[in-house]
Amino acid sequence: MKHPVFTGSCTALVTPFADDRSIDFTALRKLLDFQLENGTDAIVVCGTTGEAAAMSYVERMRAIETVVRHVDSRIPVIAGTGSNNTENAITLSKDAALAGVDALLVVTPFYNKATQTGLVRHYTAIADAVTKPLILYHVPSRTGVKCTAETYAALAKHPNIVGVKEAGGDLALVQKTRELCPEDFSIWSGNDDETAPMMLFGGKGVISVAANIVPQEMHELTAACLAGDFVSAGRMQLRLRKLCEALFWEVNPIPVKTALAMMGHCREVFRLPMCEMEPENRERLKGVLEEYGLI
C-alpha cells in the first residue's frame, strides 16, 4: 500500500536570487520560515515556480540541499528533477535523493513530445533508478504533452510512482484517472483555482503557487476539503479567486515573485528568459495585494 507523500497544501517555492548569477540563500531560509510558521504541509524546491529550468545543475543541488537542511524533516521536501533528457532526469533524481528529499516531482518531457508509450518508458526508467517516491507532473500548457488516464493507470503499477500533480485543467481526466487508478495513486491539484473541485473527486491536496504568499489560507482550504467540509472550502476557494487569477496575469513565476518582493520577502530578480512584470500589470497586482491586506 502506497502512502501519500503529503496531504494538504504544498508550496511550489520560488527561488530568490541575489542577482542574475546567484541564489539569495538568506532569503530562501526566510521564505522557508514563513512557510513553516503558517502551516504549509510540504515544500517543492526547484519546480517550475522555482525557475529551475534557468538554474545550473550545481545551483539546483545547492538549493535542494539548503531546503532539506533548513526544513529538517518538519514537513516533506519534494525536489523537481524533471528533464526532457531521461538520463539527465535520472541523474538529478538520484542526486536529490542522496541530498535527503522525501520525494521527486518529475515533469513530462517537454519539446520531445513523447508518445504515451514513450512517457511510460521515460517514467519507468527514472522510477527504476531511485527508491524515493516519484510524483508525475502533468502540465501540457508548458510541455506540449498530454497524459491519458490509461497512461497514469499503467504507471501506477510501479511501486515507486505514487501519484500525479495534475495541472492540465481537465476535471474529466481527473475523474477518469480516479476511476482507472488504484486508491493509493494520489492526485494533487496543480492549479490553485481547481483545488476544491479536484479534492471533491478524491484529490489529496494542492501543489500551490498562491501558497507562496497565502500559505495559511491554502492550508485551511485543503484542511476543510480533507475534513469533508466542501461548503466552507467552496467559500474559501471563491474568496481567493481574484488573487489566484492575478498570479497568472503573466507567466508563472513572474507575478508571485513580484508579489513576494512587494511583501518584503525577496528581491524582484528573475533569470532570463523570465523578466520583470509589465508596469501596468504590476500596478494591477499591487492593487489586488492591497485588497487582500497582504501589503
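Here, the structure is the one placed above.
Conventions adopted
- Residues numbered from 1 in each chain as written.
- Predicted model: local features only at pLDDT ≥ 70, side-chain atom pairs only at ≥ 80, totals over all residues.
- Heavy atoms only, no water.
- Disulfide = S-S within 2.5 Å.
- Core = buried A, V, L, I, M, F, W, Y, C linked by side-chain atoms within 4.5 Å.
- Buried < 20%, exposed > 50% of the residue type's maximum accessible area, 1.4 Å probe, protein only.
- Helix = DSSP H or I, 4+ residues; strand = E, 2+ residues; numbered from the N terminus.
- Contact = heavy atoms within 4.5 Å.
- Polar contact = N/O pair within 3.5 Å; in protein donor to acceptor, adjacent residues only side chain to side chain.
- Pairing = 2+ DSSP bridges.
- Axes fitted to C-alpha atoms, helices over the stretch in contact; angles between N-to-C directions.
- Parallel < 35°, antiparallel > 145°, perpendicular 65-115°, else oblique.
- Left-handed = near helix turned anticlockwise from the far one by under 90°.

**Digging into the state of the cysteines**
Then, number 1: Tallying each qualifying case throughout the model produces 0 disulfides.
Then, number 2: We note that C46 lacks a disulfide partner, and the nearest cysteine sulfur, in C10, lies 13 Å from it.

**Focus on the nonpolar core**
Then, number 1: Counting 82 residues, the largest nonpolar core has I64, L136 and I213 as its most contacted members.
Then, number 2: Among the elements that take part in this core, helix α2 (residues 57-71) stands out by supplying 6 residues, more than any other.
Then, number 3: Sequence-distant contacts of I213, that is, excluding residues within four places in its chain, are made with F34, L243, L247, V256, A259, L260, M263, L289 and L294.
Then, number 4: Membership of the second largest hydrophobic core comes to 17 residues, among which are A12, A103, I135 and Y137.

**Structural notes on the side chain of N160**
Then, number 1: Topologically, N160 is positioned in the loop between α6 (149-155) and β8 (161-166).
Then, number 2: Here N160 falls in the buried class, since its relative accessible area comes to 16%.
Then, number 3: For N160, the side chain forms a polar contact with the main-chain oxygen of A127, separated by 2.8 Å.
Then, number 4: In terms of polar contacts, N160 uses its side chain to reach the backbone carbonyl oxygen of V130, at 2.7 Å.
Then, number 5: With sequence-adjacent residues up to four places away left out, N160 is seen in contact with A127, V130, T131, K132, P133 and L134.

**Quick notes on the sheet that holds strand β6 (residues 103-107)**
Then, number 1: Here 8 strands make up a closed barrel; going around it, the order is β1-β4-β5-β6-β7-β8-β9-β10 and the pairing parallel. When the angles between neighbouring strand axes are averaged without regard to direction, this sheet yields 25 degrees.
Then, number 2: As paired elements, strand β5 (residues 77-80) and β6 share 3 bridges and run parallel to each other. From the neighbouring strand, A79 faces β6, where its bridge partner is L104.

**Concerning the packing of helix α12 (residues 254-262) against helix α13 (residues 279-291)**
Then, number 1: Their axes nearest at 10 Å, the elements α12 and α13 cross at an angle of 60 degrees. By the angle class used here, α12 and α13 are oblique. In terms of crossing hand, the pair formed by α12 and α13 is right-handed. Counting all contacts with α12, which are made through P255, T258, A259 and M262, the residues of α13 involved are R282, L285, K286 and L289.

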